[in-house]
Amino acid sequence: MFKTLKEDVEVVFDQDPAARTYLEVILTYSGLHAIWAHRVAHALYKRKFFFLARVISQISRFFTGIEIHPGAKIGRRFFIDHGMGVVIGETCEIGDNVTIYQGVTLGGTGKEKGKRHPTIKDNVLISTGAKVLGSITIGENSKIGGGSVVLKEVPPNSTVVGIPGRVVVQDGKRIKRDLNHSDLPDPVADRFKEMQQELEQLRKELEELKQERKKVNGHSTL
């Protein structure tokens, strides 16, 4: 346990260039506080001290803004940068050397039972605000882009972006995707179409005004 706690401190220096001293990291890094509290809560959870484990996790959530269910399994050298708003669900499994940023959710997609949260393999990086939902696996050495919503399996060595998340790079090669340009929206053409309709309406109104004017002039002549 002591070796694991020491590694939790050392990974902060590896990942965060702003870290200066051990005292500063130990006293001021909320991500470190959250993972240490979780390691204690998880040990109690495995020994079926469920209530006490939840109490510790909720106290940690109150002070750090990071919610980690005590049932979640987290490996070595786990780093939470900044951390506010991070949520990690009960059946989530996280490997070694994983880094996540603030606002990340590793959650479920509903009220299903059993394994309902993601499995994050070794050396994965999950950027700010990303949501990884459901019992899916994020493969080793993958990167999840900021704000992405990932609902499907991600193969190893991949980069995922977008809503819903899609693989754009795998094994160092950019993924080419078929694109049907006829299905893409064309805002310029749409605007020209609107302008044409407006012109037609103006012409119609102008013609009506001309007809009204002719009738008035005709009555005046009589």
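Bear in mind the structure is a predicted one, so any value in this text is a computation, not a measurement. (Residues numbered from 1 in each chain as written. Predicted model: local features only at pLDDT ≥ 70, side-chain atom pairs only at ≥ 80, totals over all residues. Heavy atoms only, no water.)

## Things to note about the environment of Lys-143
Along the chain, Lys-143 turns up in strand β12 (residues 143-144). The partly exposed category is assigned to Lys-143, whose relative accessible area is 49%. For the pair formed by Lys-143 and Val-160, sequence separation is 17 residues and the distance between their alpha carbons is 6.3 Å. Ignoring any residue separated from it by four or fewer positions in sequence, one finds Lys-143 in contact with Leu-125, Ser-158, Thr-159 and Val-160. (Helix = DSSP H or I, 4+ residues; strand = E, 2+ residues; numbered from the N terminus. Buried < 20%, exposed > 50% of the residue type's maximum accessible area, 1.4 Å probe, protein only. Contact = heavy atoms within 4.5 Å.)

## Thoughts on a negative patch on the surface
Taken together, the side chains of Glu-205, Glu-207, Glu-208 and Glu-212 present a region of like negative charge at the surface. With respect to the helices, strands and loops of the structure, Glu-212 is situated in helix α5 (residues 187-221). (Patch = residues over 30% accessible without salt bridge, like charges linked within 9 Å, V, L, I, M, F, W, Y side chains within 5 Å. Areas by Shrake-Rupley, 256 points an atom, 1.4 Å probe, with all protein chains shown as cover. Salt bridge = Lys/Arg side-chain N within 4 Å of Asp/Glu carboxyl O. Lys, Arg positive; Asp, Glu negative; His and termini not counted. Charge placed at Lys NZ, Arg CZ, Asp CG, Glu CD.)

## As for the confidence of the model for the chain
With 91% of its residues at a pLDDT of 70 or more, the chain has an overall mean of 86. Confidence drops under a pLDDT of 50 for residues 179-184, and excluding neighbours within four residues, the segment shows 1 contact in the predicted structure. (pLDDT = per-residue confidence, 0-100.)

## Details of the pattern of salt bridges
Considering all chains together, one arrives at 8 salt bridges under this definition. The partner of Glu-10 in a salt bridge is Lys-6, and the shortest N-O contact between them spans 2.4 Å. Here Lys-6 and Glu-10 lie together in helix α1 (residues 2-15), a separation of 4 residues that amounts to about one turn. Relative accessible area serves as the criterion here: at 42%, Lys-6 is assigned to the partly exposed category.

## A look at the sheet that holds strand β11 (residues 137-138)
One open sheet accounts for 4 strands, arranged β2-β5-β8-β11; its pairing is parallel. The open sheet has two free edges, formed respectively by β2 (73-74) and β11, since each of these has just one partner strand. Here 2 bridges tie strand β8 (residues 119-120) to β11, and the two strands are oriented parallel to one another. Bridging from a neighbouring strand, Ile-120 pairs with Ile-138 of β11. (Pairing = 2+ DSSP bridges.)

## Focus: the packing of helix α3 (residues 30-46) against helix α4 (residues 50-64)
At a closest axis distance of 8 Å, the pairing of α3 and α4 adopts a crossing angle of 175°. Considering the angle they form, α3 stands roughly antiparallel to α4. Of the residues in α4, those in contact with Ser-30, His-33, Ala-34, Ala-37, Val-40, Ala-41, Leu-44 and Tyr-45 of α3 are Phe-50, Leu-52, Ala-53, Ile-56, Ser-60 and Thr-64. Classifying every residue of the contact of α3 with α4 by side-chain character gives 10 nonpolar, 4 polar and no charged. (Axes fitted to C-alpha atoms, helices over the stretch in contact; angles between N-to-C directions. Parallel < 35°, antiparallel > 145°, perpendicular 65-115°, else oblique. Nonpolar A, V, L, I, M, F, W, Y, C, P; charged D, E, K, R; others polar.)

## A word on the packing of aromatic side chains
Overall, the coordinates contain 3 aromatic pairs when judged by the stated rule. Relative to Tyr-22, the ring of Phe-13 lies with its centre 4.8 Å away and its plane at 50°, an arrangement referred to as tilted. Taken together, a centroid distance of 5.2 Å and an interplanar angle of 90° make the contact between Phe-62 and Phe-63 edge-to-face. When its relative accessible area of 66% is taken as the criterion, Phe-63 is described as exposed. (Phe/Tyr/Trp six-rings, centres within 6.5 Å; stacked < 30°, edge-to-face > 60°.)

## Points about the pairing of strand β15 (residues 166-170)
Sheet topology note: the strand β14 (residues 158-161)/β15 ladder contains 4 bridges and is antiparallel. Bridge pairing in β15 places Val-161 opposite Arg-166. Linking two consecutive strands that pair antiparallel, namely β14 and β15, is a turn of 4 residues; a positive phi of about 95° is found at Gly-162 within it. Relative to strand β16 (residues 173-174), β15 is paired through 2 bridges, and the arrangement is antiparallel. Across the sheet, Val-169 pairs through a bridge with Arg-174, a residue of β16.

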